[in-house]
Amino acid sequence: MEPMKNVVRSTYFVLMFLGIISCTKQPAPTTSPSPNGQTNPIELSPTLADDSATQLPYTPAPSLTSFDAAQDEPDTSPPDTPTPSPTPAPQLLQLTTNECCVQPFFSPDSTHILFLDKPAPDALTGFWRVPLTGGNPELSTDRLGIYSPDMQLVAYPQSGQTIVERISDAQRWTIPNGGRSLSFSPSGALVVWTTGQAGPPFDTALREIWISSFDGSNARQVATLIGGGFTGWVSETQALVTGRQTSDETENALWVLSLEDRSLRELIRGGRIRSISISPGGTWVAYLVTFATDQVQDGIWLQNIETDERKKLDLFGGYRWRDMNRLLVIPLDPNAAQSTVASHQLWDVDATTGQPRPLTDPAITPFKVAGGDWTVSPDGRFVAFVSATDRNIWVIQLEE
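Residues numbered from 1 in each chain as written. Predicted model: local features only at pLDDT ≥ 70, side-chain atom pairs only at ≥ 80, totals over all residues. Heavy atoms only, no water.

Student: Is there a simple way to explain the packing of aromatic side chains in this structure?
Tutor: To describe a pair of aromatic rings, you give the distance between the ring centres and the angle between the ring planes. Scanning the model with the defined rule gives four aromatic pairs in all. Their ring planes at 90° and their centres at 5.2 Å tell us that Trp173 and Phe214 sit as a pair that is edge-to-face. Note that Trp173 is positioned in strand β9 (residues 172–175) and Phe214 in the loop between β12 (206–213) and β13 (220–233), a separation of 41 residues in sequence. By relative accessible area, Phe214 is classed as partly exposed at 22%. Note on Phe230 and Trp233: the rings are 5.8 Å apart at their centroids and 65° apart in plane angle, and the pair reads as edge-to-face. Phe230 gets classed as buried once you look at its relative accessible area, which sits at 1%. Taking relative accessible area as the criterion, Trp233 reaches 12% and is therefore assigned buried. Cation over ring: Arg143 sits above Tyr156, and NZ or CZ is 4.1 Å from the ring centre. (Phe/Tyr/Trp six-rings, centres within 6.5 Å; stacked < 30°, edge-to-face > 60°. Helix = DSSP H or I, 4+ residues; strand = E, 2+ residues; numbered from the N terminus. Buried < 20%, exposed > 50% of the residue type's maximum accessible area, 1.4 Å probe, protein only. Lys NZ or Arg CZ within 6 Å of the ring centre and 35° of its normal.)

Printed below as a string of structure tokens:
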């Protein structure tokens, strides 16, 4: 039995390193039942500073050749003119069965859905994949780790250290970060991690942000903050961080950190800044403000990282970036949470104008996301989610 115990311990440690919690044939761990037995469909992450930024592995696959959907144009006629519904009727496709999975994600080429699973007692624990055209899941890799965007490097914990391994020749390097999780830069040339106090009190914890080359060389501290840390890459030379610079400050701020000269440029200050999400290309950042001194500031905001242009959304709920200028939102709907019939609805927000438009009509394309467990494909054409109805992974194809 001892070898099996070692396997379990090793797998659990790697999952903690990745920031992943997933179990076969179990509901999403953050889902909680409502009074009528239904699940809460929207979860806004309480994380203040996420330093994992996990890049997940995939196996290249043939390009997508099917899965067509209706393509309707949005309604531009006057309000008093009878017209068909302005929302399209996207096609829904079920990809998994038997309540198999949670936390799905797309392959970088947007042709496959991947998920962490152990589908049978004699199967390997790893990342499994299924094509968007449907089919039986296949094992993509049993190497659990944080992958670089080009999939040529993988980081994983080993004997209390963080190891980076090059896939092509299995050459390995030790990162001098004490076994902490890290994030690869967009090119994979750099890695970043946060050190310092990990436990409470979080608001006074001193955090240091470090970077090095992917092989661990040229490690250097680039910022020291109180109660925050690294939140994401804007570019190869800029990152977003949160926290306070001095103990005299009473409010956290969101900063743009230059990795070249270590300067900090403040984007926003006040309240609790949560659910920070950077658009592809690093043009915009979406974030949630709560418990601000001025309650008008509470809500979802979009801010241009370069120009500081800022706008508050009328919608409130879960959100994911579709592309560099468009944000997808599933509004928080108490009726959907408490009803076995009510459906969620998917909206598209243009960051340049702040204007939202519906992409789905609950009467035409009913769906219900379990526990905020949904993701957008890199090409922006698909949304995958765990269904609150049957606990399987489904995909919606969006209009072009």
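There's more to say after this.
Student: What am I meant to see in the side chain of Ser279 here?
Tutor: For Ser279, the location among the structural elements is in the loop between β17 (272–278) and β18 (284–290). Contact partners of Ser279, with chain neighbours within four places excluded, come to Trp284, Trp321, Asp323 and Met324. (Contact = heavy atoms within 4.5 Å.)

Student: What's the story with the nonpolar core in this structure? I'm lost.
Tutor: One broad trend across soluble globular proteins is that nonpolar side chains are buried collectively. Counting residues in each nonpolar core, the largest one holds 17 residues, and the members touching the most others are Leu95, Phe106, Ile113, Phe115, Leu132, Ile393 and Val395. Breaking this core down by element, the ones donating at least two residues are β3 (112–117), β4 (126–131), β26 (382–387) and β27 (393–397). If you tally residues by element for this core, the top one is β26, at three residues. (Core = buried A, V, L, I, M, F, W, Y, C linked by side-chain atoms within 4.5 Å.)

Student: How should I be thinking about the sheet that holds strand β19 (residues 299–304) in this particular structure?
Tutor: In a beta sheet, neighbouring strands pair by backbone hydrogen bonds and run either parallel or antiparallel. The antiparallel open sheet is built from four strands, whose spatial order is β17-β18-β19-β20. Two strands bound the open sheet, and with one partner strand each, they are β17 and β20 (310–312). Looking at each pair of strands side by side, their axes are set apart by 25° on average, direction ignored. Alignment of β18 against β19, held across six bridges, turns out to be antiparallel. Each residue of the ladder has a partner; that of Ala286, found in β19, is Leu302. (Pairing = 2+ DSSP bridges. Axes fitted to C-alpha atoms, helices over the stretch in contact; angles between N-to-C directions.)

Student: How should the side chain of Thr231 be read in this particular structure?
Tutor: Secondary-structure assignment places Thr231 in strand β13. A distance of 2.8 Å separates a polar side-chain atom of Thr231 from the backbone oxygen of Leu240. (Polar contact = N/O pair within 3.5 Å; in protein donor to acceptor, adjacent residues only side chain to side chain.)

Student: I keep staring at unusual backbone geometry and nothing clicks. Help me out?
Tutor: In most cases, non-glycine residues show a negative phi, while peptide bonds are predominantly trans. Unlike most non-glycine residues, Ala170 shows phi in positive territory, near 60°. Within the secondary structure, Ala170 is located in the loop between β8 (161–166) and β9. Using a relative accessible area of 44% as the deciding quantity, one classes Ala170 as partly exposed. Positive phi, normally seen in glycine, also occurs at Ser275, with a value near 50°. Relative to the assigned elements, Ser275 resides in strand β17.

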